[in-house]
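One letter stands for each residue in the lines below.
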Amino acid sequence: MYDAVLSDTEALDFKSVSKVLMQRMFSLTLPNHDPASERAWMKQHFHGPSLVQLCESMQNNLQLVFSTTDVAQNPQQWRTDGLFSFCYSLLFRAGYLTLFGVCENDVTQLDSVYEEFRKFDGLLAKLARQTEKREERRMARGAQESLWQLLSGCGAGQSTRALGSSWQRSYLEHLQSEEVEEESQRRAMLLQLWVTQGNAGPAAFWLLGFLLTHPEAMCAVRTEIRSLQLQRHPLANLQKHTPVLDSVLSETLRLRAAALITREVVQDKVLQTGAGQEYLLRRGDRLCLFPFLSPQMDPQIHREPEKFKYDRFLNADGTEKKDFFKGGVRMKYCSMPWGVGSNMCVGRHFAVSGIKQFVYMVLTNLDLELCDQQSTMPPVNPSRYGFGMLQPIGDLEIRYRLKPASSSLEHCHQR
C-alpha cells in the first residue's frame, strides 16, 4: 500500500500539503518550488564523494565541539547534565558547523543559534497544527526572526563567494536558480536548518538512553567498539562493520521515529491494501499514513513491539536481520524511519554517520553513567507524533567525565 501511495503523483499530491506547512511553520512561501529539482540538488551533496567529505567534516567538527566543552577542560571532574540536552547540543553544533559554518570562525555564534533554535523547535508542532497561544506565537516569531538574522550573517543576502560552507553556498545558488527573493532565501535557510539538524540529537538521545537503561545492550555495543579500537582504521570501519550498533540504531528508530505521510487526493482513486481491502479515495479527501503504527509497532511483525530489544535486527550469527514476516508472508517494509523507495530521505546516510560518530566518540572518550541507576526512560511528548523523531517529556539525568588517556573501554557492569 505504501508503494501505491508514494508512487502516485497524479491522483495524490504532496505539494499543496508542503506549501501549507512551510507557511505555517516557517512563514515561507516558495512559488517556484520544485521538489524534484531540490531532491536532485540534495543527491549531489549527500551521495558519493560529497557525502564522504561531509562525513569527514562532521567527524572533525564533533571533535572540535567536544574539545571546547567543560569536561575537556577539566578531565577529572564529574559533570552532570540532562542526556537530551547533552546530545542535542553537541550534535546540533557539529552539524551546524558542517553544513552552515560560522562567520570568521566565530564559534560563539553557535550558542545563539542553538538557543534560538531550541525555542523555535519546541513550538514547531503547535505552529503546524495552529494550536499555539498568542504568547507562544510571539515567542516563535521572535525566535524565527533571530534565526533569520543569524543565518543571514554569513548566508542569504551575502555574496556566495563569502560563504564559508560549500553546502550552504550551493543551496543558496539553488534558491537563486529558482528565482527566490532575498527575504525568502533567509527563511528557506531556517527550513533547511530544521530539516538537517532537528532529528539527529533526539535520535542520539534515545539511542544512548536505551543503552544506559539496558546494561546488556550497552555491554554488547562496548564490546563491538572495543574490537574496532584494535583495528588499524577504527573510524573507517565504524560505518561498515558494526552490526550490533546498527541494530541498536534500527531498533531506536523503530521505536521513536514517527513521521506522518500526508497526501491530498486530487483525482478519485481506488487504493488496495496488502490484505486485499479496497478503499475509494475521493477528490478532496486527505490521506494520512502513519508507519509508526504499522509496520513499526505491529505485534504481528515485531514481537513485544513496545519493548526495546537491542538485537531485534540481528540474526543468530550476528549478521544484520533483514527478513521479517506477518502471517507467514515476508514484509517488504519492517520499519520506515526514512520513508521508502524514491521518497526515502536523501540525507539518511549523513545522518546515520553522524549519529554513529557521536556515539563512538562518547563511549570511547567518556565515563558515562546515570545519576540514578534506577532511572527509566522519560515518556514521549505526544505532540511530536507526525514530525520525525519523537522527543521526551523531561530528561534523563547523567553524569560524565573524561576517561584517563591510558584507559581502554571500561568493563561492562550490570546494575
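In this text, all values refer to a predicted model and were calculated from it rather than measured experimentally. Starting from 1, residues in each chain are numbered consecutively following that chain's sequence as written. Only residues with pLDDT of at least 70 are given local features in this predicted model, and only at 80 or more are side-chain atom pairs given and counted; all residues enter the totals for whole chains, interfaces and linings. No hydrogens and no water enter the side-chain calculation; it runs on all heavy atoms of the structure.

Q: I would appreciate a short explanation of the packing of aromatic side chains in the present structure.
A: Aromatic rings in a pair are described by how distant their centres are and how their planes are angled relative to each other. Working definition: a ring pair exists when centres of Phe, Tyr or Trp rings (six-membered ring for Trp) sit within 6.5 Å. Plane angles under 30 degrees give stacked, over 60 give edge-to-face, the rest tilted. Summed over all chains, the structure comprises 24 aromatic pairs. Their ring planes at 55° and their centres at 5.6 Å tell us that F292 and Y385 sit as a pair that is tilted. Here Y385 lies in the loop between β9 (366-370) and β10 (397-402) and F292 lies in helix α15 (residues 292-296), a separation of 93 residues in the sequence. Here the aromatic rings of F313 and F324 are separated by 5.3 Å at their centres, their planes lie at 55°, and the arrangement is tilted. Residue F313 is located in the loop between α15 and β7 (325-326), and its partner F324 is located in the loop between α15 and β7; the two are separated by eleven residues in the primary sequence. Across this residue pair, the class does not change: F313 and F324 are buried. Taking NZ or CZ as reference, R256 lies 4.4 Å from the ring centre of W206, over its face. Here, a charge over a ring is recorded when the distance from Lys NZ or Arg CZ to the ring centre is within 6 Å and its angle to the ring normal is within 35 degrees. Between K321 and the ring centre of F324, over which it is positioned, the NZ or CZ distance is 4.7 Å. Helical segments are the DSSP runs of H or I of at least four residues, strand segments are the runs of E of at least two, and each set is numbered from the N terminus. Buried residues are those whose accessible area, probed at 1.4 Å on protein chains only, stays under 20% of the maximum for their type, while exposed residues exceed 50% and partly exposed ones sit between those limits.

Q: What is the right way to look at the nonpolar core in this model?
A: Inside soluble globular proteins, nonpolar side chains tend to come together where they are buried. Nine residue types can take part in a nonpolar core, namely buried Ala, Val, Leu, Ile, Met, Phe, Trp, Tyr and Cys, and a core is a set of them joined through side-chain atoms within 4.5 Å. If you look at the biggest cluster of nonpolar residues, it comprises 106 residues, and the most contacted ones within it are F86, L193 and F358. At twelve residues, the largest contribution of residues to this core is made by helix α6 (residues 83-99). Those residues in contact with F358 that sit more than four places away from it in its chain are L62, F86, C87, L90, L91, A204 and L208. Counting residues in each nonpolar core, the second largest holds 14 residues, with Y2, L6, L271 and V340 among its members. Contact between two residues is taken to exist if any of their heavy atoms lie within 4.5 Å; hydrogens are not considered.

Q: What should I look at first to understand the packing of α6 against helix α10 (residues 182-197) in this one?
A: The description of two packed helices rests on the angle between their axes and on the distance between the axes. Running from N to C, α6 and α10 point in directions that differ by 125°, and their axes come no closer than 10 Å. Judged on the interaxial angle alone, α10 and α6 are oblique. α6 and α10 meet at a crossing whose hand is right-handed. Contact with α6, carried on its side by Y88, L91, F92, G95, Y96 and L99, involves L193, T196 and Q197 of α10 and no other residues of that element. With axes taken as lines fitted to C-alpha atoms, and helix axes fitted only over the stretch in contact, angles between N-to-C directions fall between 0 and 180 degrees. The cut-offs work like this: below 35 degrees is roughly parallel, past 145 is roughly antiparallel, 65 to 115 is roughly perpendicular, and the gaps in between are oblique. Left-handed describes a crossing whose near helix is turned anticlockwise from the far helix through less than a right angle; right-handed describes the clockwise counterpart.

Any functional reading would require information that these geometric values do not contain.
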